[in-house]
Number of protein chains: 2
Amino acid sequence: MNSNDIQFSRRAQALTSSVIREVLKLTEKPEIISFAGGLPSAQTFPVAALQAACERLFADSPAAALQYAPTEGLQPLRQWVAEKHGVDSANVLITTGSQQALDLLAKVFIDPGSKVLVEAPTYLGALQAFSLSEPAYTEVPTDDQGLQPEALTETLAAGARFLYTIPNFQNPTGRRLPLERRKELVARARELGVLLVEDNPYGELRYSGSPLPSLHSLNPEGVIYMGSFSKVLAPGLRLGYMLAPPAIHAKLVQAKQASDLHTPSFTQRVAYEVLKTGMLDSHIASVCDLYGKHCAAMLDALSRHMPEGVRWSRPEGGMFIWVELPAAIDTMALLEAAVASNVAFVPGAPFYAITPRNNTLRLAFVTVPPQKIEEGIARLGELVASHLRALQPADAVAAVQ
Amino acid sequence: MNSNDIQFSRRAQALTSSVIREVLKLTEKPEIISFAGGLPSAQTFPVAALQAACERLFADSPAAALQYAPTEGLQPLRQWVAEKHGVDSANVLITTGSQQALDLLAKVFIDPGSKVLVEAPTYLGALQAFSLSEPAYTEVPTDDQGLQPEALTETLAAGARFLYTIPNFQNPTGRRLPLERRKELVARARELGVLLVEDNPYGELRYSGSPLPSLHSLNPEGVIYMGSFSKVLAPGLRLGYMLAPPAIHAKLVQAKQASDLHTPSFTQRVAYEVLKTGMLDSHIASVCDLYGKHCAAMLDALSRHMPEGVRWSRPEGGMFIWVELPAAIDTMALLEAAVASNVAFVPGAPFYAITPRNNTLRLAFVTVPPQKIEEGIARLGELVASHLRALQPADAVAAVQ
């Protein structure tokens, strides 16, 4: 067959490999201190608990763990999720990681040209999943406290299929939406008839501050909630879930059935065997203890090594710090120099659906040990300073120094 | 939020629950002898081998099995698949079951209104997956030997994104495409520039006859091949794979990254640990031994219990027998009476993309023990005979008897 005969779909023609994916390839060299990855630290994986769970599973119910299973997910796991969130298990759908939840949302809500509201910036993987259905994005502005609810005007909301938001320790900014903004966002969305999609993979990784109510808890009928076990158990299990009002849940189940029939029975049962022991709370506390120290180490290193004119977020949880450099610096270009200096990050531009801010970048702090964080941020700080010197007239540099 | 505010996508509005799904709900009562399910027999699952694999995995590489992993799949598993098929591992993509492969095909090839060629009848799950991308189906006629290659004319082929076919022990018919037809199909597809998609979940479940070459082996550049571990290891692992030419592989990987990032590392490693022991060939032989006896039992029961005027396929492998009743009988209506008589099957109509033949039905023979097969087919035969009596004038009934 001649390759000219292959006719891809419009969406496939538009597909390009993710920038993060290409960056991660660059940063696989062991000598690089990489703040680029979005991986949790492997030392947090509850290996012994998972091993014990596997042993129980083979002792008790191996056939059920290996057979086809209902699309909605393993009933005891759905019940566990339902109790955690105070909902009916009939509204819980288990997904093959949170990424699949994004794919199902696209399938159920997005036609070519449909208006979809996203934060600026937002999670790159969500943009990838939604874009397969060819939406027309509209960006909702954010500031240091996250999404600005007053920006959700009647004009912005008109015809939107949904607003996608990550209220807790957002990827990529690390920001958490304050209580007053949560209330206002939910009130405005309800008034304007905008469905909210609340993605919450990081909410339990909280190192300081008080817990805040989910958007879903403020208005269950108007919010689809996405949870994940990737950051609190292990991402290699690929387990997430969605809470949705009944009419939406039914469509999501049908879309999931067409997508992969069901999430592996085996991983669902292993996870449930671990969760039912009640170990999750103490496990999360130990993860938070570790990550909180990493976060503090990076914030401290940034304050000592970054030249004047550089701003960054001060997360109370999650995995990421968002850095804003002086406007003249393009972080995509800076990355090449950084990799040459054996330090890596993710440029901020790909996290914007429409209008990139090219002077931003994302740092992940969870997998690099604190002394390496110090070393990597020192290198990055020098690099930024030298780029600023190269860009600016001599007296301006003096002012920056 | 008012439910009137929810605006689903066009494809979601068209979604309805699968008929098979609804039938399976009906047949969950233990007193029903169900030939409806498409499940493999749980007694074939290699539980001891999988348990040993889990133990090795926790002893050797637990962190890698629990961490994020490349979208393409676990490299040693890709290599195992590549060696089995004599291809380069760079052309292998591991999928979350075969169903995901169908979803990825839809994403990469189908725009709304795209022409897609399917066998009549074909696998219902493929129609579900493709339909989310709103194709315009064209049916390729089949007969007792499967797809009719001479039907693939220039007119039929014009503009088709691909032709989807299941050459081995097809779901739902159990038919296997003979060698000469394979050669002619591949030659015509090459000449007309039609991409072939060869779905082969059942090919290794062969109870008689000689092996036949895959379409892929006859023209690797013009065929996307889909394999599955669901029928030879265990479906609860949700593991399948695709072989595709490089340009197509790259698009499939990007679509998969947006769909679920990657198939669970954990299940991929467990499966590879089993496969590398070399146990698969002898395991498949034992599965074939069991299923072959079931198949023979059902064929024998059909020949004794079905009234004149009923035809059925005589599979050399797989899981299904396809039954064609006299034209006056609608199997959807027959199913209600069958469930009342405590026997179940799947009506044939949903397996047709466009023009259903309402007098057909699918019987699965692998999960019901032989003496229950006898009992169930006897009940079904009586039911068909009584429906024929009710439909026909008295003298015609006499002739049938």
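Residues numbered from 1 in each chain as written. Chains lettered and ligands numbered in written order. Predicted model: local features only at pLDDT ≥ 70, side-chain atom pairs only at ≥ 80, totals over all residues. Heavy atoms only, no water.

A. Up close: the UniProt feature "domain: Aminotransferase class I/classII large" (unreviewed entry) in chain A. Sites flagged by UniProt as "domain: Aminotransferase class I/classII large" (unreviewed entry) map to residues 44–380 of chain A. The span residues 44–380 of chain A is 43% helical and 16% strand by assignment, and the distance between its end C-alpha atoms comes to 27 Å. (UniProt positions renumbered as here; feature names shortened; annotations may be inferred. Helix = DSSP H or I, 4+ residues; strand = E, 2+ residues; numbered from the N terminus.)

B. A look at the sheet that holds strand 6 (residues 162–165) of chain A. Residues and elements named next belong to chain A. Pairing is mixed across the open sheet formed by eight strands, whose spatial order is 2-9-8-7-6-3-4-5. If you trace the sheet from one side to the other, it starts and ends with strand 2 (92–95) and strand 5 (146–147), each paired once. As paired elements, strand 3 (residues 115–120) and strand 6 share three bridges and run parallel to each other. Counterpart to V116 in the pairing with strand 6 is F162. In the packing of helix 11 (residues 246–260) onto the sheet, contacts are made with strand 2, strand 8 (223–228) and strand 9 (240–243), and the angle to strand 2 comes to roughly 25°. (Pairing = 2+ DSSP bridges. Contact = heavy atoms within 4.5 Å. Axes fitted to C-alpha atoms, helices over the stretch in contact; angles between N-to-C directions.)

C. Here's a closer look at the pairing of strand 6 of chain A. Side-chain alternation along strand 6 of chain A places F162 and Y164 of chain A on one buried face and L163 and T165 of chain A on a second face that is also buried. In this fold, strand 6 of chain A hands off to helix 9 (residues 179–192) of chain A, which returns the chain to strand 7 (residues 196–199) of chain A; that crossover is right-handed. (Buried < 20%, exposed > 50% of the residue type's maximum accessible area, 1.4 Å probe, protein only. Right-handed = clockwise from strand over helix to strand, strands pointing away.)

D. Spotlight on helix 12 (residues 265–275) of chain B. Buried residues dominate helix 12 of chain B, accounting for nine of its eleven residues. Restricting attention to buried positions, one finds in helix 12 of chain B the residues S265, F266, T267, Q268, V270, A271, E273, V274 and L275 of chain B.

E. Focus on the confidence of the model for chain A. Averaged over chain A, the pLDDT score is 94; the fraction of residues at 70 or greater is 95%. Taken as a whole, residues 397–401 of chain A scores under 50 in pLDDT and shows nine contacts with residues more than four places along the chain or in a different chain. (pLDDT = per-residue confidence, 0-100.)

F. Molecular detail of the relation of the copies chain B and chain A. Here chain B sits on chain A after a turn of 180° about the axis and a move of 0.0 Å along it, with an RMSD of 0.0 Å. On the angle and the small slide along the axis, the relation comes out as a two-fold axis. Of the residues that chain B buries at the interface, 100% are likewise interface residues in chain A, meaning the two copies contact each other through the same surface. (Least-squares fit on C-alpha atoms with pLDDT ≥ 70 in both.)

G. Structural view of the interface of chain B and chain A. Listed per partner, the contact involves 80 residues of chain B and 80 residues of chain A. For the pair chain B and chain A, the summed buried surface comes to about 6900 Å²; carbon and sulfur atoms form 61% of the total. Counting every contact that joins chain B to chain A gives two salt bridges. Across the salt bridge formed by D103 of chain A and K107 of chain B, the nearest N and O atoms sit 2.8 Å from each other. Summed over the shared surface of chain B and chain A, the number is 37 residue pairs in polar contact (both at pLDDT 80 or more). Contributions of two or more residues to the side of chain B that touches chain A are made by helix 1 (10–14), helix 3 (47–60), helix 4 (62–66), helix 6 (97–109), helix 7 (124–131), helix 11 (246–260) and helix 12 of chain B. Tallying contributions element by element places helix 11 of chain B first for the side of chain B that touches chain A, with ten residues. (Buried area = accessible area lost by both parts, 1.4 Å probe. Salt bridge = Lys/Arg side-chain N within 4 Å of Asp/Glu carboxyl O. Polar contact = N/O pair within 3.5 Å; in protein donor to acceptor, adjacent residues only side chain to side chain.)

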